[in-house]
Amino acid sequence: FAPSKQSIRSSALNDSPYENEIGVVAPTGFFDPLGLSTNIDAETFEAYRASELKHGRVCMLAVIGYIVPEVFRFPGEIAPGVAFADIPNGVAAIEAVPSLGWLQMFFLIGATDYYGFLGDFDIGKKPVGKPDLEELQLNELQNGRLAMLAFLELLRHDSQNFVSPGFDGYDNLITGLPFLYE
């Protein structure tokens, strides 16, 4: 048998001018299956990257915000007569939060986004003792990507449990740590 001739194929996954940017990791390489980075300029790519970073940071906070109420409740009221402890966790909270509570959250999130309280996306702050800024930026992108997937899974699991209670045989979100609910 003679060895077959290897053909070189071209695709959006390996022909991007952005394949050497921070965030390109093995084994996927530059992953853009929808071709969103095709025929865009560097400024648009940077805007996409800033959006990815911002969404990652928001999802890191969202995952913590999804898990913490399982074990801790803030004292006080979200609206007059409605204590934080009376609000259920997850998807069930959508109907339980009064309109004044939604208004507070809406303005807090809007102010955070408008005034940039989530961080300076141009500079970033380098921790003491960490000399490699590229490694830190890659870590933040990767952690943000993982948080986006984690939040979607928490939302999917909770939504399914909300529609069909006990579908998985568990009553609580954090099933590996039963002592939290005692």
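Basis of the calculations
- Residues numbered from 1 in each chain as written.
- Predicted model: local features only at pLDDT ≥ 70, side-chain atom pairs only at ≥ 80, totals over all residues.
- Heavy atoms only, no water.
- 1 Å grid on protein atoms, 1.4 Å probe; cavity = no way out; pocket = protein on both sides within 12 Å on 5 of 7 lines; lining within 4 Å.
- Points joined across faces, edges and corners; volume = space filled by probe spheres on them.
- Helix = DSSP H or I, 4+ residues; strand = E, 2+ residues; numbered from the N terminus.
- Patch = residues over 30% accessible without salt bridge, like charges linked within 9 Å, V, L, I, M, F, W, Y side chains within 5 Å.
- Areas by Shrake-Rupley, 256 points an atom, 1.4 Å probe, with all protein chains shown as cover.
- Salt bridge = Lys/Arg side-chain N within 4 Å of Asp/Glu carboxyl O.
- Expected span 1.5 Å × (residues − 1).
- Buried < 20%, exposed > 50% of the residue type's maximum accessible area, 1.4 Å probe, protein only.
- Lys, Arg positive; Asp, Glu negative; His and termini not counted.
- Polar contact = N/O pair within 3.5 Å; in protein donor to acceptor, adjacent residues only side chain to side chain.
- Contact = heavy atoms within 4.5 Å.

(A) Structural view of the layout of surface pockets. For the largest pocket, the calculated volume is near 1,400 Å³. Around the largest pocket sit 33 residues that line it, and Leu61, Ala62, Gly65, Tyr66 and Met105 are the ones nearest its centre. Of all the secondary structure elements, the ones that give two or more residues to the lining of the largest pocket are helix H1 (42–67), helix H2 (93–96), helix H3 (99–115) and helix H4 (133–163). Residue contributions to the lining of the largest pocket peak at eight residues, all from H3.

(B) Spatial organisation of a nonpolar patch on the surface. Taken together, Ile64, Val68, Val71, Phe72 and Phe74 make up a surface patch of nonpolar side chains, about 480 Å² in accessible area. Looking at the secondary structure, you find valine 71 in the loop between H1 and strand S1 (77–79).

(C) Structural detail: H4. With 31 residues, H4 extends 45 Å from end C-alpha to end C-alpha; this agrees with the ideal 45 Å at 1.5 Å per step. Taken together, the buried positions of H4 are Leu136, Leu141, Gly144, Ala147, Leu154, His157, Asp158 and Asn161.

(D) View of unusual backbone geometry. We note that asparagine 39 has phi near 60°; this positive angle belongs to a residue other than glycine. Residue placement: asparagine 39 occurs in the segment before H1. Its relative accessible area of 79% is what places asparagine 39 among the exposed residues.

(E) Molecular detail of the pattern of salt bridges. By the definition in use, this model includes four salt bridges. Arginine 49 is paired through a salt bridge with glutamate 52; the nearest N and O atoms lie 3.1 Å apart. Placement of the pair is arginine 49 and glutamate 52 together in helix H1, with a separation of three residues, close to one helical turn. What makes arginine 49 buried here is its relative accessible area of 16%. The partner of arginine 156 in a salt bridge is glutamate 153, and the shortest N-O contact between them spans 2.7 Å. With arginine 156 and glutamate 153 both in helix H4 and three residues apart, the pair spans about one turn of that helix. In this structure, a network of salt bridges that share partners links the residues Arg49, Glu52 and Arg145.

(F) Summary view of the side chain of aspartate 158. Position of aspartate 158 among the secondary structure elements: in helix H4. Although aspartate 158 lies buried, it forms no salt bridge, and the closest oppositely charged side chain, arginine 73, sits 10 Å away as judged by the N-O distance. Of note is the side chain of aspartate 158, whose polar atom sits 2.7 Å from the backbone nitrogen of valine 91. Those residues within four positions of aspartate 158 in sequence are excluded, and the remaining contacts are Tyr66, Asn89, Gly90 and Val91.

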